[in-house]
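Take a look at the letters that make up each chain.
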Amino acid sequence: VVSSRSLLALLLGAISGFVIGVLPAVAPRSRPPEIAFVPRTSGTSLSEGMYSGADRAAREAGFRLYWNAPTREDDVDRQISLMSSALANNTGGLILGPTNGPALITKLNEFIARRIPVVVVQTDTPIPAGRYITSVTPDQDAVARLAATRILRALGGDGGQVAILGLDRTAPETLQRSQYFLQYLSSHRKVQIVAQQRGTSLAPEAEQNASEVLDTFPRLRAFFAVSATATAGAIQAIQRRGLAHSITLVGCDDDLFLIPNVREGSLDSVVITDNEQVGYLAAKFLLDAIAGRALPGPRHIEPRLLTREDLSEHQ
Amino acid sequence: VRHPQLESEQVAQIRDHSTTVRAPGPDVHQRGKYLLLFALAAAVVFVLTKVTITVLHSTVRGLPYSDRFETGDNADWSAYGGNWKIEAGSMVNESDERGAKLVAGSPYWTDYTVQADVALRSPGEAGLIARVSDPEQGVDAYRGIYVGLRTRDQSLVIGVADHDWQEPWPQRLSSPIGLNTWYHFQVHLQGCKVNAIVNREHSSEVGRAEVTLDSDSCPLRGKIGLRSYDAGGIWKNVRVTKLR
């Protein structure tokens, strides 16, 4: 007969053996502190460039960068869910490319209430910049100026009909680019802005939008596409109609496919920003804020116009 | 002579004229017995726990693995995005979500060959992922190796995802990618060397690529999975075998 004390000794021994055996396999590994980066979407040249810069800055400071994004640019629910996960995982700070700024204000205020710094990229911050929030974005005025200069040069002294593609209220930078572009062309009497077409995050819909303009204005001379999706849609619409040599298309933002399009001539030029610099600066500001320094005010990065000639020079 | 700290009933005393020898009493024997039982149980359970963990973490546990999708049971698989269903002996992703994944297998598998028949339902990308860990819903939201067919540049792609995307270089295919056409994938993973061979159904080889990944960025262990990007896809005859 085994006494109750013997059973207790066996039981305690078994528990101790199990704990000692299993502990190395389940013990949490120490991880570096983390910052989160949630762009509008990922898997594009634009987002990969920003990732690369932010990751570099995070590593330099001994931080880990958590990176994830919705698979569609318009998936605001998924973006809110990723922001909530970052909060739940006690992130040190957030870099955000807002999918739909106004829809994210409540969530952004949660970060600010918890004194977690936020740096907004891709577009202006949807709430005023302050102690815990700032932005690093392309200089939208310069984007429009570069595009306007290029289009005016392509039109020559004759002028002609120009259309703007891709205006999207959920992406305020598209509205800013359009507004500045109109200002730059307002003094050119021979240039007529015939359409300001709505934008979308879906390429087939963007193609449809561009096609509507081409059908309505057969004498159109140039497009200014204010987003990467609008640019991709315009390329498709122009190619389907065989108008590549008669319409000048100037696009915006560095998407996966736009640079080959510039190289082959289906896109005249594209206004791009150094995305790696955007990502690096955003992460650097965030890490400085985590270290106790104040966030700087909104920072604008100078864009450049990429043409076929530039690509030839680089080859 | 009695030891002042011990009670008389706890110590058996043997006396002669000049010396006193103390012998352990019954409680000391009992304590020794309990200690022995404790140590014995701890040692046995420790060894059993270690053996169980070693078996569970084995690099070959569950291999060879295959799924012909003959029943509606897809309990082995975990979806990260996409709209997946089993249909006529194949797994179908009806969504054209970018980076939809379906993952199965052991996180401890290391060197293995994964094979499957893959068809694209629309222009985009579809293929297999291997050595997958830390998967989440998102375009490149996993750590692992992707091998797939891409219609945009008619190529066989091998790349590494670690919540970002590194693509050494795409391998142009010898013939255009057909939609709803079966391609047989064989992906061999040994250390940081990845070898991929793609054959068109009832036809010869259309693509072959061999890449040796950087040891810094090379995932060394993980599950397998099905992945598509911007296109729906169909997969059948998934098979994983230990690499000899």
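Here, every reference points to the structure presented above.
Here we summarise the structure given alongside this text. (Residues numbered from 1 in each chain as written. Chains lettered and ligands numbered in written order. Predicted model: local features only at pLDDT ≥ 70, side-chain atom pairs only at ≥ 80, totals over all residues. Heavy atoms only, no water.)

1. Considerations on the environment of A:Arg169
Residues and elements named next belong to chain A.
Here is step 1 of the chain: Its location among the elements puts arginine 169 in the loop between strand S6 (160-167) and helix H6 (172-185).
Here is step 2 of the chain: Residue arginine 169 is classed as exposed on the basis of its relative accessible area of 75%.
Here is step 3 of the chain: Remark: the alpha-carbon pair of arginine 169 and asparagine 100, spanning 69 residues in sequence, is separated by 8.3 Å. (Helix = DSSP H or I, 4+ residues; strand = E, 2+ residues; numbered from the N terminus. Buried < 20%, exposed > 50% of the residue type's maximum accessible area, 1.4 Å probe, protein only.)

2. With respect to the sheet that holds strand S5 (residues 133-138) of chain A
Residues and elements named next belong to chain A.
Here is step 1 of the chain: Strand order in the open sheet formed by six strands is S2-S1-S3-S4-S5-S11, with parallel pairing between adjacent strands. Each end of this open sheet is capped by a strand with a single partner; those strands are strand S2 (64-67) and strand S11 (299-301). Across this sheet, the average inter-strand angle for adjacent strands is 20 degrees, counted without regard to direction.
Here is step 2 of the chain: Summarising the sheet, strand S1 (residues 34-38) and S2 pair through four bridges and their orientation is parallel. Looking at S2, one finds that alanine 36 is bridged to tyrosine 66.
Here is step 3 of the chain: Across the sheet, helix H10 (residues 275-290) is in contact with S1, strand S3 (94-96), strand S4 (118-121), S5 and S11; its angle to S4 comes to roughly 165 degrees. (Pairing = 2+ DSSP bridges. Axes fitted to C-alpha atoms, helices over the stretch in contact; angles between N-to-C directions. Contact = heavy atoms within 4.5 Å.)

3. Overview of empty space enclosed by the protein
All names here are of chain A.
Here is step 1 of the chain: If you walk through the whole model with that rule in mind, you get two cavities of 30 Å³ or more.
Here is step 2 of the chain: If you go around the largest cavity, the residues you meet are Leu165, Gly166, Gln197, Arg198, Gly199, Thr200, Ala206, Asn209, Ala210 and Ala230.
Here is step 3 of the chain: Where the lining of the largest cavity is concerned, the elements lending two or more residues are S6, strand S7 (191-198) and helix H7 (203-216).
Here is step 4 of the chain: Counting residues per element, the lining of the largest cavity draws most heavily on H7, which supplies three residues. (1 Å grid on protein atoms, 1.4 Å probe; cavity = no way out; pocket = protein on both sides within 12 Å on 5 of 7 lines; lining within 4 Å. Points joined across faces, edges and corners; volume = space filled by probe spheres on them.)

4. Here's the deal with the sheet that holds strand S10 (residues 269-272) of chain A
Residues and elements named next belong to chain A.
Here is step 1 of the chain: With mixed pairing, six strands are arranged side by side in an open sheet as S7-S6-S8-S9-S10-S12. The sheet terminates laterally at S7 and strand S12 (304-307), the two strands that pair on one side only. Adjacent strand axes in the sheet meet at a mean angle of 20 degrees when their direction is disregarded.
Here is step 2 of the chain: In this fold helix H5 (residues 140-155) packs onto S6, S7, strand S8 (220-225), strand S9 (248-252), S10 and S12, with an angle of close to 165 degrees to the strand it touches most, S8.
Here is step 3 of the chain: Set on the sheet, helix H8 (residues 228-240) makes contact with S6, S8 and S9; between it and S9 the angle comes to about 155 degrees.

5. Some details on the state of the cysteines
All names here are of chain B.
Here is step 1 of the chain: A full pass over the atoms with the stated rule returns one disulfide over all chains.
Here is step 2 of the chain: A sulfur-sulfur separation of 2.4 Å characterises the disulfide bridge that pairs cysteine 192 with cysteine 218. Handedness here is read from the sign of the S-S torsion; for cysteine 192 and cysteine 218, about -110 degrees, the answer is left-handed. Within this pair, whereas cysteine 192 is found in the loop between strand S14 (183-190) and strand S15 (193-200), its partner cysteine 218 is found in the loop between strand S16 (205-212) and strand S17 (223-229), the two being separated by 26 residues in sequence. Neither cysteine 192 nor cysteine 218 differs from the other in exposure class; each is buried. (Disulfide = S-S within 2.5 Å.)

6. Some remarks on the layout of surface pockets
Here is step 1 of the chain: Taken as a whole, the second largest pocket spans an internal volume of roughly 950 Å³.
Here is step 2 of the chain: The wall of the second largest pocket is formed by 27 residues, among which A:Arg64, A:Leu65, B:Asp134, B:Asp162 and B:His163 lie closest to the centre.
Here is step 3 of the chain: Those elements giving two or more residues to the lining of the second largest pocket turn out to be helix H2 (45-60) and S2 of chain A together with strand S11 (155-162) of chain B.
Here is step 4 of the chain: Examining the composition of the lining of the second largest pocket, we find that five residues originate from one element, H2(A), more than from any other.
Here is step 5 of the chain: Residue classes in the lining of the second largest pocket are distributed as nine nonpolar, six polar and twelve charged. (Nonpolar A, V, L, I, M, F, W, Y, C, P; charged D, E, K, R; others polar.)

7. Regarding the interface of chain B and chain A
Here is step 1 of the chain: Facing 27 residues of chain B, the contacting portion of chain A comprises 31 residues.
Here is step 2 of the chain: In total, about 2,200 Å² of surface goes out of reach between chain B and chain A, with carbon and sulfur atoms giving 58% of it.
Here is step 3 of the chain: Among the residues chain B hides against chain A, the three largest losses belong to B:Tyr34, B:Phe38 and B:Arg98. Together they make up 22% of the total.
Here is step 4 of the chain: At the junction of chain B with chain A, the criterion picks out zero salt bridges. (Buried area = accessible area lost by both parts, 1.4 Å probe. Salt bridge = Lys/Arg side-chain N within 4 Å of Asp/Glu carboxyl O.)

8. A closer look at the pattern of salt bridges
Here is step 1 of the chain: Enumeration according to the criterion identifies 23 salt bridges over all chains in this entry.
Here is step 2 of the chain: Between A:Arg145 and A:Glu302 there is a salt bridge, and its shortest N-O distance comes to 3.5 Å. Of this pair, A:Arg145 sits in helix H5 while A:Glu302 sits in the loop between S11 and S12, and the two are 157 residues apart along the sequence.
Here is step 3 of the chain: For B:Asp153, the salt bridge is made with B:Arg150, and the minimal N-O distance between the two is 2.8 Å. Of the two residues, B:Asp153 and B:Arg150, both sit in the buried class.
Here is step 4 of the chain: A single salt-bridge network, built from bridges that share partners, covers B:Glu125, B:Arg150, B:Asp153 and B:Glu167.

9. Quick look at a nonpolar patch on the surface
Here is step 1 of the chain: Among the surface-exposed residues, A:Leu8, A:Leu11, A:Leu12, A:Ile15, A:Phe18, A:Val19, A:Leu23 and A:Val26 lie close enough to one another that they form a single nonpolar patch of about 730 Å² accessible area.
Here is step 2 of the chain: Within the fold, A:Val19 resides in helix H1 (residues 4-26). (Patch = residues over 30% accessible without salt bridge, like charges linked within 9 Å, V, L, I, M, F, W, Y side chains within 5 Å. Areas by Shrake-Rupley, 256 points an atom, 1.4 Å probe, with all protein chains shown as cover.)

10. Things to note about the pairing of S7(A)
Here is step 1 of the chain: Pairing of S6(A) with S7(A), which is carried by six bridges, proceeds in the parallel orientation. Bridging from a neighbouring strand, A:Leu167 pairs with A:Arg198 of S7(A).

11. Description of the packing of H2(A) against H10(A)
Residues and elements named next belong to chain A.
Here is step 1 of the chain: Contact geometry for H2 and H10: axes closest at 6 Å, N-to-C directions at 40 degrees. For the crossing formed where H2 meets H10, the hand is right-handed. Between H2 and H10, the contacting residues are Ser45, Leu46, Gly49, Met50, Ser52, Gly53, Ala54, Arg56, Ala57, Ala58 and Glu60 on the first element and Asn275, Glu276, Val278, Gly279, Tyr280, Ala283, Lys284 and Leu287 on the second. (Left-handed = near helix turned anticlockwise from the far one by under 90°.)

12. Remarks on the side chain of A:Thr125
All names here are of chain A.
Here is step 1 of the chain: Note that threonine 125 resides in the loop between S4 and S5.
Here is step 2 of the chain: What makes threonine 125 buried here is its relative accessible area of 15%.
Here is step 3 of the chain: Reaching out from threonine 125, the side chain makes a polar contact with the backbone oxygen of isoleucine 127 at a distance of 2.7 Å.
Here is step 4 of the chain: Residues contacting threonine 125, with those up to four places away along its chain left out, are Val120, Ile133 and Ser135. (Polar contact = N/O pair within 3.5 Å; in protein donor to acceptor, adjacent residues only side chain to side chain.)

13. Observations concerning the packing of aromatic side chains
Residue and element names in this part refer to chain B.
Here is step 1 of the chain: This model, assessed by the stated rule, comprises nine aromatic pairs over all chains.
Here is step 2 of the chain: An angle of 45 degrees between the planes, with centres 5.3 Å apart, marks the rings of tryptophan 84 and tryptophan 235 as tilted. Highlighted residues: tryptophan 84 in strand S5 (residues 84-87) and tryptophan 235 in strand S18 (residues 233-242), separated in sequence by 151 residues.
Here is step 3 of the chain: Taking relative accessible area as the criterion, tryptophan 235 reaches 0% and is therefore assigned buried.
Here is step 4 of the chain: Ring geometry for tyrosine 146 against tryptophan 165: centres 6.0 Å apart, planes inclined by 65 degrees, an arrangement best described as edge-to-face. (Phe/Tyr/Trp six-rings, centres within 6.5 Å; stacked < 30°, edge-to-face > 60°.)

14. Comments concerning the nonpolar core
Generally speaking, nonpolar side chains in soluble globular proteins are found buried as a group.
Here is step 1 of the chain: B:Trp77, B:Val114, B:Leu128, B:Val147, B:Leu149 and B:Leu226 are the most contacted members of the largest nonpolar core, which has 44 residues in total.
Here is step 2 of the chain: Those residues in contact with B:Trp77 that sit more than four places away from it in its chain are B:Tyr65, B:Asp67, B:Phe69, B:Leu102, B:Val103, B:Ala104, B:Ile224, B:Gly225, B:Leu226 and B:Val238.
Here is step 3 of the chain: If you look at the next biggest cluster of nonpolar residues, it comprises 26 residues, including A:Ile35, A:Ala57, A:Ala282 and A:Ala289. (Core = buried A, V, L, I, M, F, W, Y, C linked by side-chain atoms within 4.5 Å.)

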